[in-house]
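# Architecture and fold: a report
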Amino acid sequence: MNNNISPAGCLERLRVLDRERMHISRAAALLQWDQETYLPSGGIEERAEQLAVLEGLAHERLINNEVGELLGKLRDAFSLDNAVHNAQDEFPADDFIRVLHRDYEKAVKIPVDFVRECAKAEGLSQAAWIEARKHNNFAAFAPHLEKMLDFAKQKAAFWGWERTKLYDGLLDYYEPSLGVHELTAIFGPLRDRLQLLLQKIAAKPNPGNVFINHNFEKAKQEAFCREVLSGIGFDGKRGRMDISAHPFTTALGFNDVRITTRYAASDPLSGLFSVIHEGGHAFYELGLDKSLRYSSLAEGTSMGIHESQSRLWENVIGRSRVFWEPWYPRLKDYFSPELGTVDFESFYRTVNNVVPGPIRVEADEVSYSLHIILRFELEEKLFSGKLSVNELPEAWNAGMKDYLNVECTGDAEGVLQDVHWSMGAFGYFPSYALGNLYALQFWNKLQEDIGTTDQMLRRRDYGTIHSWLRDNIHHKGRCKKPAELIMDVTGNLLSADSFFRYIEQKYTELYGL
Ligand code: ZN
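In this text, all values refer to a predicted model and were calculated from it rather than measured experimentally. (Residues numbered from 1 in each chain as written. Predicted model: local features only at pLDDT ≥ 70, side-chain atom pairs only at ≥ 80, totals over all residues. Heavy atoms only, no water.)

## Quick notes on the overall build of the protein
Note the cut-off: Helix and strand definitions here come from DSSP, where helices need a minimum of 4 consecutive H or I residues and strands a minimum of 2 consecutive E residues; each element is numbered from the N-terminal end. For every residue, the accessible area (1.4 Å probe, protein chains only) is compared with the maximum for its type, and the residue is labelled buried under 20%, exposed over 50%, or partly exposed between those bounds. We score Asp and Glu as negative and Lys and Arg as positive, and we do not count His or the chain ends. All charge positions are set by atom: Lys at NZ, Arg at CZ, Asp at CG, Glu at CD.
Counting secondary structure elements, the protein contains 22 helices and three strands. Projected onto the principal axes, the alpha-carbon positions of the protein cover approximately 75 × 50 × 50 Å. Counting all 513 residues of the protein, 53% fall into the buried class. Across the protein, the 58 positively charged side chains and the 73 negatively charged ones have centroids separated by 2 Å.

## Quick look at the coordination of the zinc ion
Just so we agree on the cut-off: Each metal's donors are the N, O and S atoms within 2.8 Å of it, or within 3.2 Å when it is Na, K or Ca, and because water is not part of the set, sites may look incomplete. In short, tetrahedral needs four donors with all angles between 85 and 135 degrees, square planar needs four and octahedral six donors with opposite donors over 155 degrees apart and all other angles between 65 and 115, and whatever is left is irregular.
Looking at the zinc ion, one finds its protein donor set to be H277 (NE2), H281 (NE2), E307 (OE) and E307 (OE), positioned 2.1 to 2.8 Å from the metal centre. Of note is the zinc ion, whose four donor atoms meet at the metal with angles of 49 to 124° in an arrangement that counts as irregular. Going along the chain, you hit the donors of the zinc ion in the pattern H-x3-H-x25-E. Of this pair, H277 and H281 are both found in helix α11 (residues 270-286), four residues apart, which corresponds to roughly one turn of the helix. Since its relative accessible area comes to 10%, H281 is described here as buried.

## Examining the packing of aromatic side chains
Selection criterion: Each Phe, Tyr or Trp ring (for Trp, its six-membered ring) is paired with any other whose centre lies within 6.5 Å, and the angle between the two planes then decides the class: stacked below 30 degrees, edge-to-face above 60, tilted in between.
Counted by the stated rule, this structure contains 34 aromatic pairs. Between the aromatic rings of W324 and F347, the centroid separation amounts to 5.0 Å while the plane-to-plane angle is 75°, which identifies the pairing as edge-to-face. Of the two residues, W324 sits in helix α13 (residues 321-334) while F347 sits in helix α15 (residues 344-351), which places them 23 residues apart along the sequence. Under the relative-accessibility criterion, F347 is labelled buried at 0%. Both rings, one in W396 and one in W421, keep their centres 6.0 Å apart while their planes meet at 85°; by these two values the pair is edge-to-face.

## Brief notes about unusual backbone geometry
Despite not being glycine, N136 shows a phi value in the positive range, around 55°. As for its placement among the helices and strands, N136 is situated in the loop between α6 (112-134) and α7 (138-158). Backbone geometry places Y294, a non-glycine residue, at a positive phi of 70°. One can find Y294 in the loop between α11 and α12 (303-317).

## Re the sheet that holds strand β1 (residues 239-243)
Our working definition: Pairing between strands is defined by DSSP: at least two bridges between them are needed. Axis lines are fitted to C-alpha atoms, over the contacting stretch for helices. Their N-to-C directions set the angle, which ranges from 0 to 180 degrees.
In spatial order, the strands read β1-β3-β2; together these three strands make up an open sheet with mixed pairing. In this open sheet, the two edge strands, each paired with only one partner strand, are β1 and β2 (249-253). On average, adjacent strands in this sheet sit at an angle of 20° to one another, irrespective of strand direction. Taken together, the four bridges between β2 and strand β3 (residues 256-261) define a ladder with antiparallel strand orientation. Its bridge partner being in β3, A251 is matched across the sheet by V257.

## With respect to the pattern of salt bridges
Here is the rule we go by: In what follows, salt bridge is the name for a side-chain nitrogen of Lys or Arg lying within 4 Å of a carboxyl oxygen of Asp or Glu.
Within this structure, the stated rule accounts for 35 salt bridges. For E66, the salt bridge is made with R13, and the minimal N-O distance between the two is 2.6 Å. On the criterion of sequence distance, the pair formed by E66 in helix α3 (residues 65-80) and R13 in helix α1 (residues 7-37) is long-range, its members being 53 residues apart. Of the charged contacts, one joins D113 and R116 as a salt bridge, the two residues approaching to 3.6 Å between their closest N and O atoms. Remark: R116 and D113 occur in helix α6; sequence separation between them is three residues, near one turn of the helix. Comparing D113 with R116, the two get one shared label, exposed. Among the charged side chains, a salt-bridge network with shared partners connects R102, K106 and D172.

## Let's talk about the pairing of β2
Counting buried residues along β2, four of its five residues qualify, which places the element largely inside the surrounding structure. Connecting β2 to the antiparallel partner β3 that follows it, the hairpin turn spans two residues.

## Brief notes about the packing of α6 against α7
How we decide: Here roughly perpendicular refers to angles of 65 to 115 degrees, roughly parallel to angles under 35, roughly antiparallel to angles over 145, and oblique to all remaining angles. Each helix crossing is assigned a hand: it is left-handed if the near helix lies turned anticlockwise from the far helix by less than a right angle, otherwise right-handed if that turn is clockwise. By definition, residues are in contact when any of their heavy atoms lie within 4.5 Å. Side-chain classes are defined by residue name, with Ala, Val, Leu, Ile, Met, Phe, Trp, Tyr, Cys and Pro counting as nonpolar, Asp, Glu, Lys and Arg as charged, and the others, Gly among them, as polar.
As a packed pair, α6 and α7 sit with axes 9 Å apart at the nearest point and diverge in direction by 150°. In this view, α6 runs roughly antiparallel relative to α7, as classed from their interaxial angle. Here α6 runs over α7; the crossing is left-handed. Side by side, α6 and α7 meet where F114, E117, C118, A121, E122, L124, S125, A128, W129 and A132 of the first sit next to A140, F141, H144, K147, M148, F151, Q154, K155 and F158 of the second. For the contact of α6 with α7, the residue count by class is 12 nonpolar, three polar and four charged.

## Things to note about the environment of G287
One can find G287 in the loop between α11 and α12. Residue classification places G287 among the buried positions, given a relative accessible area of 2%. Between the C-alpha atom of G287 and that of D172, which follows or precedes it by 115 residues, the distance is 25 Å. Residue contacts for G287: discarding those within four places in its chain leaves R470, H474 and H475.

## Concerning helix α10 (residues 218-231)
Formally: Each helix should span, by expectation, one fewer than its residue count multiplied by 1.5 Å. The arc refers to the directions leading from the helix axis to the C-beta atoms.
Helix length check: α10 (14 residues) gives 19 Å between terminal C-alpha atoms against 20 Å at 1.5 Å per residue, within 8%. All of the buried residues in α10 are Q221, F224, C225, V228 and L229. Mapping the buried residues of α10 onto a view down its axis gives an arc of 135°, with all of them on the same face. Elements that come into contact with the buried residues of α10 comprise β1, β3, α11 and α13. A positive phi of about 110° marks G233, the residue just after α10.

## Looking at the packing of helix α18 (residues 430-450) against helix α21 (residues 482-490)
Put simply, α18 and α21 touch, their axes get as near as 10 Å, and they point 25° apart. In terms of their interaxial angle, α18 and α21 are classed as roughly parallel. Crossing of α18 against α21: the hand is left-handed. From α18, Y438, Q441, F442 and K445 reach across to α21, where they touch P482, L485, I486, V489 and T490.

## Concerning the layout of surface pockets
What counts here: Only protein atoms enter the 1 Å grid used here. Points where a 1.4 Å probe fits but cannot escape make up a cavity, open sets with protein on both sides within 12 Å along at least five of seven lines make up a pocket, and a residue lines them when an atom lies within 4 Å of a point. Grid points are joined across faces, edges and corners, and a volume is the space filled by probe spheres set on the points.
Size it by volume and the second largest pocket reaches roughly 530 Å³. Listing elements by their share of the lining of the second largest pocket, those giving two or more residues are α13, α18, α19 (454-458) and α22 (497-511). The element that contributes the greatest number of residues to the lining of the second largest pocket is α22, accounting for six residues. Residue composition of the lining of the second largest pocket, grouped by class: seven nonpolar, seven polar and five charged.

Purely geometric numbers; function is a separate question.
Written out as structure tokens, the structure is:
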């Protein structure tokens, strides 16, 4: 590399390398999307190799020496003067350097051999998990989980976290600056309040389920989903919707975001709520500011903030009375034999029926965060050595009984239900609950700024909501860290109060508590 290159020249070169890496990553994401949606089964083996090559290339683009040298020079230049700011008017160069430096450090500290070893063990672990879940047999998966746990600890140690703080290191990876201490302080009281509320709800009669005993044609469900998705503002020229076994969202470019869903014949809304959820993720990706395009800044700032956007649309908006007032008549048009005689109130109560069960992804709004808090507490104990892998199923079942009054009848619907641990993704679960908390903090501020949204939602007018979310959250991409973003937008630190107040109010009214 030319040693006399100016800071502006360094920045330009770094942006080229970053841009190429983003293109490679997104090409890999397209192959991944295809694998989950349309790939014929015969193509799987070759696809795995193609993905490994592309991911390897993207990784190499990030950790190569030139990136390290350019970052070093730019960080020096930044501490001296503002030359780079002035050279690049619109592009937030200082945020770019900070974010890229974080990614670079995270990647470069992990030895290449270790990455390879991890990937291999992960493949075996996932295969073992699928088998173990099929046969309801945790013991068959336990040695792999032990290994994944050990790899995760090593990873955090490579990043520089001391032995007693390894779990903090993993939490920080997904949600910067939130560790065990902060999460315990937030989740502990929330757990107690939700548990109490659930007990009160359990004492009330179950409102019943208006979908039971019907079959809802999948083609009609799909048509309704497409109508709602476009109705809430998803631009068909900037994305598409397909079917996959597990719903997900993937951004393939600035103007191309893919979402997926799946349909259940017994429940016309399970597919729809996935669509609205993934739609919320898509709005975030599609709302990024143009100036961030092609750079590492053009992504959500954290898993928790991303999840706040999906949960806001799915739950706070999508499960509200005012949302369904105009949409329920449309749903009835699609399913008149099944729902023709069902009144709005009974329908609305089915949408918000609280029935604690063993499965996280099927949980209602009140139970959901308790599933997550249990996982967080178990992970913390696994890392601090208070719990061994072999003791995990028992601790899991005890927690489910204690928090949700649910008996797990086997490991498949208990400790083996989620894919995350088989992939070594420890520290990821909290972001789902954090999404709920951020969502309500943002939502309250949005109401404060633009006034109550009830009339807008009754008119199916979502424009003002989109503008607020774009201006305050989406536009910024990774320029703001999550803690800065929540403070800048709402004037408050992360807290569970807004979320709990929302839950308490909604379900007190619904259940007459
Ligand atoms: Zn999500």
